[in-house]
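# Results of the structural survey
Residues per chain, in single letters:
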Amino acid sequence: MSDLKRPEKSIEESRTEQVHLLRYEDINGESRLFGGKLVFWIDEVAGAVARRHTGIRVTTASIDNLQFKNPAFLDELVIVVGYITYVGNTSMEVRVDTYAESTNGTRRPINRAYLTVVALGSDDRPCPIPYGITIETESQKYEWDCALKRIELRKMRRQEGF
Ligand SMILES: CC(C)(COP(=O)(O)OP(=O)(O)OC[C@H]1O[C@@H](n2cnc3c(N)ncnc32)[C@H](O)[C@@H]1OP(=O)(O)O)[C@@H](O)C(=O)NCCC(=O)NCCS
């Protein structure tokens, strides 16, 4: 799906999952996963998703709607999952969901974030993204429509400086 004429890739093709076993160095003074460490992982996963989708260099322009919903603790598994929700001209939106996984395999959501990642040309400037995404499910369509609203809000924030 795209307003532009270009070949498409499925969202699944660039979906990326990262798994971490929480160690002492990941934990803050409150005995929980340190938020900054999680943001590092989120940014890494979004970058991998965007690079897999575009096949070119990318950089993160913004991280927003970053919601820490629940804590995670030492020795838990943390799963960071990213996938594309929208592709614009030179930028794309990547949603990253993070879960803590218990020993029986049950996952509880601990974070959700939306990142805007921009494709870069050899001159280090934004360049057109070569592929759109194929929307295959109702929830993918819903994400696309919501992304359009988030993009408008981001533009308004940039223009008005709030
Ligand atoms: C991201 C960057 C390349 C954008 O440069 P720019 O001159 O603002 O680019 P443009 O105005 O041409 O915008 C390019 C695209 O990015 C989007 N964009 C730019 N800044 C954005 C922001 N802050 N939030 C969301 N989207 C943004 C634009 O909407 C546009 O999207 P589109 O082509 O799909 O319509 C530039 O700001 C940059 O290099 N930032 C540093 C990035 C970085 O180093 N990240 C690593 C972490 S420090």
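The notes below deal with the structure included here. Worth saying up front: this structure is predicted, and the values here are computed from it rather than measured. Going along each chain's sequence as written, the residues are numbered from 1 onward. This being a predicted model, a pLDDT of at least 70 is required before a residue's local features are given, and a value of 80 or more before pairs of side-chain atoms are given or counted; all residues contribute to the totals for chains, interfaces and linings. Based on all heavy atoms of the structure, the side-chain values leave hydrogens and waters out of the count.

### Some words on unusual backbone geometry
For residues other than glycine, phi is negative in most cases, and the peptide bonds are mostly trans. What counts is decided by this rule: Under the DSSP-based scheme used, a helix requires at least four consecutive residues in state H or I and a strand at least two consecutive residues in state E, with every element numbered from the N terminus. The buried label applies to any residue whose accessible area, calculated with a 1.4 Å probe on protein chains only, is under 20% of its type's maximum; exposed applies above 50%, and partly exposed to all values in between.
Of note, the phi angle at Asn65 is positive, near 55°, even though the residue is not glycine. With respect to the helices and strands, Asn65 occurs in strand E3 (residues 58-68). With relative accessibility at 36%, the residue Asn65 sits in the partly exposed group. At Asp75, a position not held by glycine, the phi torsion is positive, near 75°. By secondary structure assignment, the location of Asp75 is in the loop between E3 and strand E4 (77-87).

### Let's talk about the site of the ligand
To keep things clear, this is the line we draw: Any residue with a heavy atom lying within 4 Å of a molecule or strand is counted as near it. Think of a polar contact as two N or O atoms within 3.5 Å of one another; within protein, one of them needs to be a possible hydrogen donor and the other a possible acceptor, and neighboring residues in sequence only count if both atoms come from side chains. Note on areas: Shrake-Rupley, 1.4 Å probe, and residue coverage restricted to the protein chains presented here. Classification convention: Asp, Glu, Lys, Arg as charged; Ala, Val, Leu, Ile, Met, Phe, Trp, Tyr, Cys, Pro as nonpolar; all other residues, Gly among them, as polar.
The local shell around the ligand holds 14 residues, among which Thr60, Asn89, Thr90, Ser91 and Arg125 are the closest. Thr60 places a main-chain nitrogen or oxygen 3.0 Å from a nitrogen atom of the ligand. Contact between the ligand and Arg125: an oxygen atom at 2.9 Å from a side-chain N or O atom of the residue. Compared with its free state, where it exposes 940 Å², the ligand has 52% of that area covered by protein. Mapped by element, the contributors of at least two residues to the shell around the ligand are E3, strand E6 (107-119) and helix H3 (138-160). Per-element tally for the shell around the ligand: the top contributor is E3, with four residues. Of the residues contributing to the shell around the ligand, the split by class is three nonpolar, eight polar and three charged.

### With respect to the pairing of strand E5 (residues 91-101)
Rules: Two strands pair if DSSP finds at least two bridges between them.
Along E5, nine of the 11 residues are buried, which leaves the element largely enclosed by surrounding structure. Examined bridge by bridge, E4 and E5 share 10 bridges and lie antiparallel to one another. From the neighbouring strand, Ile84 faces E5, where its bridge partner is Val94. Joining the antiparallel neighbours E4 and E5 is a turn of three residues. The sheet contact formed by E5 and E6 spans 11 bridges and is antiparallel. Note that in E6 the partner of Met92 across the bridge is Val117.

### Some thoughts on the pattern of salt bridges
In a structure, side chains of opposite charge can pair up when their charged atoms sit close to one another. Note the threshold: Definition used for salt bridges: Asp or Glu carboxyl oxygen within 4 Å of a side-chain nitrogen of Lys or Arg.
Tallying each qualifying case throughout the model produces 15 salt bridges. A salt bridge links Arg95 to Glu143, with the nearest nitrogen and oxygen atoms 2.3 Å apart. Taken together, the residues Arg95 in strand E5 and Glu143 in helix H3 connect sequence positions 48 residues apart. For the residue pair Arg95 and Glu143, the accessibility class agrees, reading buried in each case. When the shortest N-O distance is used, the salt bridge between Glu143 and Arg150 registers 3.3 Å.

Function cannot be inferred from these measures alone, as they are strictly geometric.
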